[in-house]
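Given next are the chains, with one letter for each unit.
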Amino acid sequence: QVQLVESGGGSVQAGDSLTLSCVVSGGTSNRNIMAWFRQGLGNEREFVGLIKWSDASTSYSDSVTGRFTISRNKGKNTVVLQMNSLKPEDTAVYYCAADRRFGSPDSEARSYRFWGQGTRVTVSS
């Protein structure tokens, strides 16, 4: 069993930066892939990006490529989402997810077994 706790959300202006953290505890065998998703008001949960725990390789959605960066710190059991050049359309609740089911699509929320409680990000124009 994996527990995920996000932090770092807040309200910022367009063009600002924000750093989100996800502390991971338990279930070391369930951290194969750690992902970030977001859900805006009235929208479905949207894939932001992911990182492979083993080698720290990453991939991102087109909407955040070049602006967002995901990293992980094994010693601190933390996954970080660095968000730069924020836009109003980035406003959402951001979720950390873990343990993608084998063979399931990386970018679909249903692929992940464990979720954090979410942290809200609001970007004003």
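Residues numbered from 1 in each chain as written. Predicted model: local features only at pLDDT ≥ 70, side-chain atom pairs only at ≥ 80, totals over all residues. Heavy atoms only, no water.

Re the overall build of the protein chain
Scanning the protein chain from terminus to terminus reveals zero helices and 11 strands. Listing every helix and strand of the protein chain by position from the N terminus yields β-β-β-β-β-β-β-β-β-β-β. Reported as C-alpha extents along the three principal axes, the dimensions of the protein chain are approximately 40 × 30 × 25 Å. Taken across its 125 residues, the protein chain has 42% of its residues classed as buried. (Helix = DSSP H or I, 4+ residues; strand = E, 2+ residues; numbered from the N terminus. Buried < 20%, exposed > 50% of the residue type's maximum accessible area, 1.4 Å probe, protein only.)

Some words on the side chain of S111
You can see S111 is positioned in the loop between β9 (92-100) and β10 (112-115). Excluding its chain neighbours within four sequence positions, the residues that come into contact with S111 are D99, R100, R101, S104 and P105. (Contact = heavy atoms within 4.5 Å.)

Side note on the state of the cysteines
Applying the stated criterion to the full structure yields one disulfide. Shown here is the disulfide that connects C22 with C96, its sulfur atoms set 2.2 Å apart. Disulfide C22-C96: the torsion about the S-S bond is -80°, which places it as left-handed. Here C22, found in strand β3 (residues 18-25), pairs with C96, found in strand β9; they are 74 residues apart in sequence, far enough to count as distant. Comparing C22 with C96 shows no difference in burial state: the two are buried. (Disulfide = S-S within 2.5 Å.)

As for the nonpolar core
If you look at the biggest cluster of nonpolar residues, it comprises 26 residues, and the most contacted ones within it are L4, M34, W36, V79, L81, M83 and Y94. Breaking this core down by element, the ones donating at least two residues are β3, β4 (33-39), β5 (46-52), β7 (68-73), β8 (78-83), β9 and β11 (119-124). With near-sequence residues (within four places) excluded, M34 lies in contact with L4, C22, V24, G49, L50, I51, W53, V79, C96, A97 and A98. Core analysis: the next-biggest nonpolar cluster, separate from the first, contains seven residues, A35, F37, L50 and A97 among them. (Core = buried A, V, L, I, M, F, W, Y, C linked by side-chain atoms within 4.5 Å.)

Side note on the environment of K52
You can see K52 is positioned in strand β5. Considering only alpha carbons, one finds K52 and S71, 19 residues apart in sequence, at a separation of 9.4 Å. Each residue touching K52, except ones within four places of it in the same chain, is listed here: N32, I33, S57 and R72.

With respect to the side chain of D90
Tracing the sequence through the fold places D90 in the loop between β8 and β9. For D90, a relative accessible area of 0% translates into the label buried. Those residues in contact with D90, other than ones at most four positions away along the chain, are R38, R67, F68, S85, V121 and V123.

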